[in-house]
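Remarks on the overall topology
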Amino acid sequence: MTVAQTRGGFAGLDACVHCGFCLQACPTFLATGDDADSPRGRIELMRSLERGDLSPTDAALTYHLDRCLGCRACEPVCPSGVRYGHALETARERLAVAGGVPWLARAALWALTTQGVSGVVYWFARVFRATGIPRLLAGWGRIRFAMGMLAATNGGERRGKAQRVSVPAFPRRSPPVPAFLFRGCVMEGLFPHVHGATIRTLQVNGYEVREVEGQVCCGALHAHAGLGDAARELARANVAAFGDGDEPIVVNSAGCGAFMKEYGGAFSARVRDVTELLAANGGPVPGGPVDLQVAYDPPCHLLHAQRISQPPERLFAAIPLLRLVTIAGANDCCGSAGLFTLVEPEMSRAVLQPKLEALSAVAPQVVATGNPGCAMQIGAGLAARGVRAQVRHPVELLDASYRAAGRYE
Ligand code: SF4
Ligand code: SF4
């Protein structure tokens, strides 16, 4: 075992020269102005943890590391190439071993990701969502915000089916290229309409989307909570389920995709965000008109962790009449960050506020974003503020465009 391996992700911090270029990119530093809530400050805390100068139960250390969103906005702006995200995961694992994981995070992980449990939880959530009560109760405060989050997952009646559809012949390739769909847990439970749109739009662009038995949650939420062993176990199960072929593994949740690209080895090289696949080879195929004003909000785990910016724009450009509006601070974090919105609501809402103000000023008809957590966070915030914009995954808009073009019913 090399020294770097024994040090886990902490080795990625060695390049930090304290220049502070990352500070203005950090949403928690911008919210509090406290250097300990900045990447530079947290790097110093993590170095102290690694050296043993600070205990993993130290109150100040846990307070400031817990308040980190893990958005990784600090990575692309760092001139030294500091790998902050890996170090944070290593630190959180040490904190979880020493001090445990908050009960709320454990309960949420159990309910949302445990096979045999999550299916029942999501079924009740969908039934409750269909009553319309969550939308009526959406607002500020923990419970009302959670209602808004659930209401924001509604894809509408027509889009609520995930089954494969028959696509008339508009092939870009012959024969079609096989691709495996990663279903995930929250996406499968609350956003099956996005899987349906993913399958249909990829079919139009020359892919044959195949299902894979035995796949499980990606493990990102576990890793972010410090449960590294559980995350690695889930990763091993997914590597076994998807086999060792070379078919691309298509992911429509930016958080899952970012984490699966870090499993390592040949598996990670196969993982593709759905927008990457659609934009490959000059795609996507143009669709019919969708007369909507759309604000795009790139998820941090797409933009910063996966460094994907052009493919979603190519997707919007393939939709006639769609008007993309620029929102100030669109590239900034929304404050969702997986379970962060549940366990750190104060900081999460503080980070969300500037985004809501920018969106309210423009009032687009649709906010497009490619991550379930961001969709729920932004949707809940808009509902609480009384802004009527819908939140949609980009592939839902392309799906509507292909319907408008008559490519399928
Ligand atoms: S993380 Fe990078 S940008 Fe931030 S202080 Fe260290 S070297 Fe500078
Ligand atoms: S991951 Fe995000 S919140 Fe955490 S230090 Fe980096 S920029 Fe700040």
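Residues numbered from 1 in each chain as written. Chains lettered and ligands numbered in written order. Predicted model: local features only at pLDDT ≥ 70, side-chain atom pairs only at ≥ 80, totals over all residues. Heavy atoms only, no water.

1. Topic: helix α18 (residues 310-317)
Residues P311, P312, L315 and F316 constitute the buried set of α18. Angular distribution of buried residues about the axis of α18 spans 140°; they occupy a single face of the element. Looking at the buried residues of α18, the elements they touch are α16 (274-279), β5 (293-296), α17 (300-303), β6 (323-325), β7 (366-368) and α22 (394-404). (Buried < 20%, exposed > 50% of the residue type's maximum accessible area, 1.4 Å probe, protein only. Helix = DSSP H or I, 4+ residues; strand = E, 2+ residues; numbered from the N terminus. Arc of directions from axis to C-beta. Contact = heavy atoms within 4.5 Å.)

2. What to know about the site of ligand 1
Around ligand 1, the neighbouring residues are C16, V17, H18, C19, G20, F21, C22, I43, C78, P79, S80 and V82. Of all the cavities here, the one that holds ligand 1 is the largest cavity. The residue inventory of the shell around ligand 1, partitioned by class, reads nine nonpolar, three polar and no charged. (Near = heavy atom within 4 Å. 1 Å grid on protein atoms, 1.4 Å probe; cavity = no way out; pocket = protein on both sides within 12 Å on 5 of 7 lines; lining within 4 Å. Sits in = over half its atoms within 2 Å of the grid points. Nonpolar A, V, L, I, M, F, W, Y, C, P; charged D, E, K, R; others polar.)

3. A look at the site of ligand 2
Around ligand 2 sit 13 residues, and of these C26, C68, C71, R72 and C74 come closest. Counting atoms within 2 Å of the grid points, the majority share of ligand 2 lands in the second largest cavity. Looking at side-chain class alone, the shell around ligand 2 contains nine nonpolar, two polar and two charged residues.

4. Details of the layout of surface pockets
Empty space within the largest pocket amounts to approximately 1,200 Å³. What lines the largest pocket is a set of 48 residues, among which L112, M149, L339, L342 and M376 lie closest to the centre. For the lining of the largest pocket, the element with the highest residue contribution is helix α9 (residues 142-151), accounting for seven residues. Approximately 600 Å³ is the volume found for the second largest pocket. Every residue lining the second largest pocket is counted, 34 residues in all, and those nearest its centre are D66, R92, H224, A225 and G226. Examining the composition of the lining of the second largest pocket, we find that seven residues originate from one element, helix α5 (residues 84-99), more than from any other. A breakdown of the residues in the lining of the second largest pocket according to their chemical character gives 18 nonpolar, 10 polar and six charged. (Points joined across faces, edges and corners; volume = space filled by probe spheres on them.)

5. What about the pairing of strand β2 (residues 207-210)?
The two faces of the sheet receive side chains in turn, since in a regular strand these alternate between them. Only one face of β2 is buried: it carries Y207 and V209, and the other face, with E208 and R210, is open. Note: strand β1 (residues 177-181) against β2, four bridges, orientation parallel. When the sheet's bridge partners are listed, V177 is paired in β2 with Y207. (Pairing = 2+ DSSP bridges.)

6. A few points about the side chain of N238
Here N238 shows up in helix α13 (residues 228-242). When its relative accessible area of 0% is taken as the criterion, N238 is described as buried. Once residues within four sequence positions are removed from consideration, N238 is found in contact with F182, Q215, V216, C217, C218, Y263 and F267.

7. Regarding the pattern of salt bridges
Enumeration over the complete set of coordinates arrives at 21 salt bridges. A salt bridge links E75 to R72; the nearest nitrogen and oxygen atoms lie 3.2 Å apart. The burial state of E75 is the same as that of R72; both residues are buried. Across the pair R403 and D399 runs a salt bridge whose closest N-O atoms are separated by 3.6 Å. One end of the pair, R403, and the other, D399, are both in helix α22, four residues apart, so they sit about a helical turn from each other. Using a relative accessible area of 17% as the deciding quantity, one classes R403 as buried. A relative accessible area of 2% means that D399 is categorised as buried. Here the residues in one salt-bridge network are R7, D14 and E50, joined through shared partners. (Salt bridge = Lys/Arg side-chain N within 4 Å of Asp/Glu carboxyl O.)

8. Observations regarding the sheet that holds β1
Taken together, four strands build an open sheet; the order of strands is β2-β1-β3-β4 and the sheet is parallel. Strand pairing shows two members of the sheet lacking a second neighbour, β2 and β4 (271-273), which therefore form its edges. The mean inter-strand angle of the sheet, taken between neighbouring strand axes irrespective of direction, is 40°. Across three bridges, strand β3 (residues 249-251) lies against β4 in parallel orientation. Bridging from a neighbouring strand, V251 pairs with D273 of β4. Sheet strands touched by helix α11 (residues 192-204): β1, β2 and β3. Its angle to β2, the strand with the most contacts, is close to 150°. (Axes fitted to C-alpha atoms, helices over the stretch in contact; angles between N-to-C directions.)

9. Quick look at helix α7 (residues 118-130)
Along its 13 residues, α7 runs 18 Å from first to last C-alpha, staying within 8% of the 18 Å computed at 1.5 Å per residue. Residues of α7 that are buried: S118, Y122, A125 and R129. The arc that holds every buried residue of α7, seen down its axis, measures 60°, which confines them to one face. Exposed side of α7, more than 90 degrees from the buried face: F124 and A130 are the residues found there. Packing partners of the buried residues in α7 comprise α6 (103-113), α8 (133-137), α9 and α10 (186-190). (Expected span 1.5 Å × (residues − 1).)

Function cannot be read off these values alone, since they describe shape.
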